[in-house]
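Structural features, examined
What follows is the residue order along each chain.
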Amino acid sequence: MVGPPPLQGLKVLEFAGLAPGPFTGLLLADAGANVLRIDRHTAGGQVVPTPDMLTRHKSSIAVDLKSPEGVQLVKELSKTADVIIDPFRPGVLEKLGLGPQILCATNPRLIYGRLTGFRRDGKYAQMAGHDINYLAVAGVLSLLGRSGEKPHPPQNILADFAGGGASLFQGILLAIIARGKTGKGQVVEANMVDGSSYLATFPRQSLKSPFGNLPRGENVLDGGCPYYDTYETKDGKYMAVGALEPHFYAAFIKGLGLSSQKWEKRHSDRASWPEMRREFGKIFKSKTRSEWENIFDGTDACCTPVLEYAELEVDNDREGDQRPSAALRETPCLAISEKGTDPSIHGQGPGIPGGSYIGKTLTPGQGGEEALKDWLGWKKGKDFDIRDGGFILKNKAKL
């Protein structure tokens, strides 16, 4: 029998931010945690919307963090929270009186997750930055790009999401496991420089080996190898080739119709790679992507179509429905896509329908009243109130 999601009952306070912090909260929410986002509310009564689309399964309250009442509200919530997500630069929440020294002292079980771009103890700690900057100082960006071209980042996937948000998520899960043994929470620190650098462990170590010691774009996995590359087809689409091993390469050569020309014997001959790339490119342009799919589907040639999200979204025969990155069969995560919620097949249980292609923003205050009722049994007008869109404690609320 399928049970509840693995993090059901976990209470998470997520300070509003962009990209990596909300992604950590999304991962926790998808796993069943009760994630309450704290949005900004100014003293002038202005609610500051957060352009965040990573809001699935979350709720929100708007709080003026520069007012004593707002700070006190967060302190009260933190007494029963399991996790806090701090996405700010070092020292921001400390200046507001909401640092780990204070909140963890009143709630020893609290897991205080802090995420920064640069290292907290490094030379760039107080500087602004984005994904490209974190990859740059981590050394990772120097590995990305074609031969003879400038380094090029893979959007903001690597530092923001993989090195940042997913790394903090991992740290929080480790702290939850540790708390189960010790009964105590702890501060969890993650940053996008160390996170992305850790992800690059293999290519970094390869720099000291023949496998990856050539300049950027000239090694096997970074664009130098003709049978680990993409090729344009007759209809302007692309095929991806990853036929590294000799037996996969042989199947690939067969599919191209080159078996009779003894190309199999030239697999490891780097001197022939430029000629090989030109020949592969010419052959791929002779057929459409669909025609190449008919040739390579079901083979071990490691040759697949480069699919685009626009077609995945509408093609039910493709792997376009998003699913949890890991499927828990007995305690599945909440639903991500409406295309399938059978845990035995899709690894996700029932939840809020979502197609995973269109993100929905969370209006500041949305679902906040229900969240406070669930967390503390509070009722509007008795324990808290909403003034000009901002949540405040009533004087008779227990402090």
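Residues numbered from 1 in each chain as written. Predicted model: local features only at pLDDT ≥ 70, side-chain atom pairs only at ≥ 80, totals over all residues. Heavy atoms only, no water.

One can describe the packing of helix 10 (residues 246-256) onto helix 11 (residues 273-284) by two numbers: an axis separation of 11 Å at closest approach and a directional angle of 45 degrees. Classed by the angle they form, the pair helix 10 and helix 11 counts as oblique. Crossing handedness for the pair helix 10 and helix 11: left-handed. On helix 11, the residues that touch Y249, F252, I253 and L256 of helix 10 are M276, F280, I283 and F284. For the contact of helix 10 with helix 11, the residue count by class is eight nonpolar, no polar and no charged. (Axes fitted to C-alpha atoms, helices over the stretch in contact; angles between N-to-C directions. Helix = DSSP H or I, 4+ residues; strand = E, 2+ residues; numbered from the N terminus. Parallel < 35°, antiparallel > 145°, perpendicular 65-115°, else oblique. Left-handed = near helix turned anticlockwise from the far one by under 90°. Contact = heavy atoms within 4.5 Å. Nonpolar A, V, L, I, M, F, W, Y, C, P; charged D, E, K, R; others polar.)

Of all six residues that make up strand 4 (residues 58-63), six are buried, and the element is covered over most of its length. Going residue by residue along strand 4, you find K58, S60 and A62 tucked away on one face and S59, I61 and V63 tucked away on the opposite face as well. As defined by bridge partners, strand 2 (residues 34-41) adjoins strand 4 across six bridges and the pair is classed as parallel. The residue bridging L36 from the neighbouring strand is S59, located in strand 4. (Buried < 20%, exposed > 50% of the residue type's maximum accessible area, 1.4 Å probe, protein only. Pairing = 2+ DSSP bridges.)

This part covers unusual backbone geometry. Even without glycine at this site, H57 takes up a positive phi of about 70 degrees. Residue H57 is classed as buried on the basis of its relative accessible area of 15%. Unlike most non-glycine residues, Q155 shows phi in positive territory, near 50 degrees. For Q155, a relative accessible area of 65% puts it in the exposed group.

Another point: the packing of aromatic side chains. Enumeration according to the criterion identifies 16 aromatic pairs in this entry. A ring pair is formed by F118 and Y124, whose centres lie 5.3 Å apart and whose planes are at 35 degrees; its orientation type is tilted. The buried category is assigned to F118, whose relative accessible area is 6%. Relative accessible area serves as the criterion here: at 29%, Y124 is assigned to the partly exposed category. Look at F384 and F391: their rings are 5.7 Å apart centre to centre, the planes differ by 15 degrees, and that puts the pair in the stacked class. Assigned by exposure class, F384 and F391 land together as buried. (Phe/Tyr/Trp six-rings, centres within 6.5 Å; stacked < 30°, edge-to-face > 60°.)

The gaps of empty space that remain are located by a probe, the size of a water molecule, rolled over the atoms. Estimates place the volume of the second largest pocket at around 620 Å³. Taken together, 25 residues line the second largest pocket, and the ones lying closest to its centre are P87, R89, G129, Y134 and M192. The set of elements that each furnish at least two residues to the lining of the second largest pocket consists of helix 1 (20-30), strand 6 (111-116) and helix 5 (131-138). (1 Å grid on protein atoms, 1.4 Å probe; cavity = no way out; pocket = protein on both sides within 12 Å on 5 of 7 lines; lining within 4 Å. Points joined across faces, edges and corners; volume = space filled by probe spheres on them.)

This brings us to the packing of helix 5 against helix 7 (residues 192-199). Put simply, helix 5 and helix 7 touch, their axes get as near as 9 Å, and they point 60 degrees apart. By the angle between their axes, helix 5 is oblique relative to helix 7. Crossing angle aside, the handedness with which helix 5 passes helix 7 is right-handed. Between helix 5, through Y134, L135, V137 and A138, and helix 7, the contact on the second element is made entirely by M192, V193, S196 and S197. Of the residues in the contact of helix 5 with helix 7, the class split is six nonpolar, two polar and no charged.

Turning our eyes to something else, we now look at the pattern of salt bridges. Enumeration over the complete set of coordinates arrives at 20 salt bridges. D30 is paired through a salt bridge with R56; the nearest N and O atoms lie 2.8 Å apart. With D30 in helix 1 and R56 in the loop between strand 3 (47-48) and strand 4, this residue pair connects regions lying 26 residues apart in the sequence. The residue R114 makes a salt bridge to E94 at a minimum N-O spacing of 2.7 Å. Remark: E94 occurs in helix 3 (residues 92-95) and R114 occurs in strand 6; sequence separation between them is 20 residues. The class for E94 is partly exposed, based on a relative accessible area of 29%. Where salt bridges share partners, they join R289, E293, E311, D315 and R318 into one cluster. (Salt bridge = Lys/Arg side-chain N within 4 Å of Asp/Glu carboxyl O.)

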